[in-house]
Amino acid sequence: MQDEVRKRIRFKDLDTNEQEVLDDDQYEEVFLDLVNYLRYMQNSRGTIVRCLIDVQTMTDRNSFLAFVTLPPSGRGGEADGTVNYDADIALKNEEINKIGAFAPSIIAPGS
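Here goes a summary of the coordinates provided.

Remarks on the overall build of the chain
Item 1. From N to C terminus, the chain includes 6 helices and 2 strands.
Item 2. Counting from the amino terminus, helix and strand elements in the chain follow one another as α-β-β-α-α-α-α-α.
Item 3. The C-alpha atoms of the chain give a radius of gyration of 18 Å, which is well past the 13 Å a tight globule of 111 residues would have.
Item 4. Considered along the principal axes of its C-alpha atoms, the chain spans approximately 70 × 30 × 25 Å.
Item 5. Buried positions account for 20% of the 111 residues belonging to the chain.
Item 6. Looking at the chain alone, contacts between residues at least 24 apart form 50% of all its contacts between residues at least 6 apart.
Item 7. For the chain, the computed accessible surface area is about 8,200 Å², with 54% contributed by carbon and sulfur atoms.
Item 8. Across the chain, 12 positive and 20 negative side-chain charges occur, with their mean positions spaced 7 Å apart.

In structure tokens, the structure reads:
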């Protein structure tokens, strides 16, 4: 599956304006950045169990580019820039965002 995806990923060469295929090193770098970005986004939103991010609506190119330009210390992960899913951080952000377990209760009138 990963090989099929890799063959379809292209970038535009700014010198030639042509679509180019990523080489293995470029692919690995982009893939690792993408995985770290998705973990960062999940940690920032809430727990996986209650507040799974919707990749189609909650992520975009600009936020990904902003993430990859962050210094490793700005990613909230390891010293090398790796981000792991952290349920404690995610739970704290779930509370801050007032979603999931911390969403306001809706009480029906007359209850």
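Some remarks on the packing of aromatic side chains
Item 1. If you walk through the whole model with that rule in mind, you get 4 aromatic pairs.
Item 2. Among the aromatic side chains, those forming a connected cluster through ring pairs are Tyr37, Tyr40, Phe64 and Phe67.

Quick notes on a nonpolar patch on the surface
Item 1. On the surface, Ile48, Leu52 and Tyr85 cluster together into a nonpolar patch covering about 270 Å² of accessible area.
Item 2. By secondary structure assignment, the location of Leu52 is in the loop between α3 (48-51) and α4 (55-58).
Item 3. The exposed category is assigned to Leu52, whose relative accessible area is 56%.

About the criteria used
- Residues numbered from 1 in each chain as written.
- Predicted model: local features only at pLDDT ≥ 70, side-chain atom pairs only at ≥ 80, totals over all residues.
- Heavy atoms only, no water.
- Helix = DSSP H or I, 4+ residues; strand = E, 2+ residues; numbered from the N terminus.
- Rg over C-alpha atoms; globule rule 2.2 N^0.38 Å.
- Buried < 20%, exposed > 50% of the residue type's maximum accessible area, 1.4 Å probe, protein only.
- Contact = heavy atoms within 4.5 Å.
- Areas by Shrake-Rupley, 256 points an atom, 1.4 Å probe, with all protein chains shown as cover.
- Lys, Arg positive; Asp, Glu negative; His and termini not counted.
- Charge placed at Lys NZ, Arg CZ, Asp CG, Glu CD.
- Phe/Tyr/Trp six-rings, centres within 6.5 Å; stacked < 30°, edge-to-face > 60°.
- Patch = residues over 30% accessible without salt bridge, like charges linked within 9 Å, V, L, I, M, F, W, Y side chains within 5 Å.
- Salt bridge = Lys/Arg side-chain N within 4 Å of Asp/Glu carboxyl O.

The values reported here are purely geometric and, on their own, carry no functional implication.
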